Amino acid sequence: MDHSLFKMENILQPGVSIKPNASVQDRLLNFNGYDDKNYHVIVESKNNNSGSICDDGYVLKFINSLDSKRPQTYEAQNALLLHLGAKGVTCSKPILTKAGIYFSKVKLSSGEHIVRLLEFINGTIFYQVQNTPSLLFQAGAFVAKIDTALKDFHHPAYDTHISLWMLESLPKLPQFLFAIPNEERRKLVLEVIHEFEERVLSISNTLERGMIHGDFNEQNIIVQKEDDEWRIKAVIDFGDSHIACYLYELAIAMTYMIVEAKDIDAGGYVLAGYLSVRELPEREYRLLKVCIAARLCQSLVIGAYSNLQDPTNTYVMRTAAHGWMILEKIWAEPECKLLEKWKSTVFSENMKLQK
């Protein structure tokens, strides 16, 4: 990636509030997010002339003021969602307005915000059920299927799209470190950033790239029970989709599944699922540890900063409950030992599939 694209006005700056100041009542359920506001809309009456109604309702999204300055991003995201739907990947379908467009803009006291409506996908959120090796395996396979389905997708808006949540934005993280009061933790974050820059960013242009979901975590995965077993049904929230190394997608998925399981070994099941769909070059495999640590640093630091901005938003601190412990444990683990442990799990899962 051309790092000259990282213009300061396109990246969240410390102390700047971008969350919509929207207050929607009328029996709508508010879902917390980092910077957007989301509401579950239930349609009680179907006596209308607007066409079919989604029985499970809709998600009304107020986009933060920073991202709302780039409407082309949401044009691209809507095209991506429609593309995945056509490929058989279950995700939220965007809904047209009466004007025949997929979003509109409203002025609030917090600025101008994009407003969108998406179909609500009924089911259970991943973190609400007991994670199992089977679910972890499915998570790896599902995210690999998303990347495969997006191989023939392109929208020009993604060519220049950037955000603080991209792994390639990791060098921007130190300006938010004031949100971490513990000096040892700040030092650890800086150490991870340095190694990520030295080992990964320096060669990122040589790694295979494409469209990725970018935030495959336990709160963006919908599961449902089939024959007394939990199965992954859908993925939601493509707000962090961007063009990046496929390695990052796998690392992000492994990060959140490890944190959710509170067990580093869980990464092996995610890796096994991913490899059942896509291959991973050996040199990228050797970079998994530092990429996972990098994502943990992003989630922990940005989460702490967001919590300072809005202490009532507990959503942003979910990773922090066990994230620091996981980060410290992963970083202390010898890389060769960690990778061999995951490889052993991959081998065991492959043997099961062959039976």
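Residues numbered from 1 in each chain as written. Predicted model: local features only at pLDDT ≥ 70, side-chain atom pairs only at ≥ 80, totals over all residues. Heavy atoms only, no water.

By the naming in an unreviewed UniProt entry, the protein goes by Hydroxylysine kinase and is assigned to Rhamnusium bicolor. We quote the UniProt Subcellular location (unreviewed entry) comment for the protein here in full: "Cytoplasm". (UniProt positions renumbered as here; feature names shortened; annotations may be inferred.)

Peer 1: Explain the sheet that holds strand β8 (residues 221-226) here, please?
Peer 2: To summarise the sheet geometry, strands pair through backbone hydrogen bonds and adopt either a parallel or an antiparallel arrangement. Read across the sheet, three strands follow the order β6-β8-β9 without closing on themselves; strand pairing throughout is antiparallel. Among the strands making up the open sheet, the edge pair consists of β6 (124-125) and β9 (229-235). Two elements, β8 and β9, share six bridges in a ladder whose sense is antiparallel. Each residue of the ladder has a partner; that of Glu-226, found in β9, is Glu-229. Sitting on the sheet, helix α2 (residues 133-149) touches β8 and β9, and the angle it makes with β9 is about 25 degrees. (Pairing = 2+ DSSP bridges. Helix = DSSP H or I, 4+ residues; strand = E, 2+ residues; numbered from the N terminus. Contact = heavy atoms within 4.5 Å. Axes fitted to C-alpha atoms, helices over the stretch in contact; angles between N-to-C directions.)

Peer 1: How should the packing of helix α4 (residues 246-261) against helix α7 (residues 288-309) be read in this particular structure?
Peer 2: The interhelical angle for the contact between α4 and α7, taken along N-to-C directions, is 65 degrees, at an axis separation of 8 Å. α7 is crossed by α4, and the crossing has right-handed handedness. Of α7, the residues touching α4 (which contributes Leu-247, Tyr-248, Leu-250, Ala-251, Ile-252, Met-254, Thr-255, Tyr-256, Ile-258 and Val-259) are Leu-288, Cys-291, Ile-292, Arg-295, Leu-296 and Ser-299. In terms of residue class, the contact of α4 with α7 is made up of 13 nonpolar, two polar and one charged. (Left-handed = near helix turned anticlockwise from the far one by under 90°. Nonpolar A, V, L, I, M, F, W, Y, C, P; charged D, E, K, R; others polar.)

Peer 1: How should the environment of Ile-330 be read in this particular structure?
Peer 2: Positionally, Ile-330 belongs in helix α8 (residues 320-332). Judged by its relative accessible area of 0%, Ile-330 falls in the buried class. Linking Ile-330 and Ala-293, residues 37 residues apart in sequence, is a C-alpha distance of 7.2 Å. Other than its neighbours up to four places away in sequence, Ile-330 contacts Ile-258, Ile-264, Lys-289, Ile-292, Leu-296 and Leu-338. (Buried < 20%, exposed > 50% of the residue type's maximum accessible area, 1.4 Å probe, protein only.)

Peer 1: Would you mind showing me how to read the packing of helix α5 (residues 266-275) against helix α9 (residues 335-354) here?
Peer 2: For any two helices packed against each other, the geometry comes down to the angle between their axes and how far apart the axes lie. Across the interface, α5 lies against α9 with an axial gap of 8 Å and an inter-helix angle of 55 degrees. Our classification of the angle between α5 and α9 gives oblique. In this structure, α5 crosses over α9, and the sense of that crossing is right-handed. Residues Gly-267, Gly-268, Tyr-269, Leu-271, Ala-272 and Leu-275 of α5 form the contact with α9, whose participating residues are Trp-342, Thr-345, Val-346 and Glu-349. Residue composition of the contact of α5 with α9, by class: six nonpolar, three polar and one charged. (Parallel < 35°, antiparallel > 145°, perpendicular 65-115°, else oblique.)

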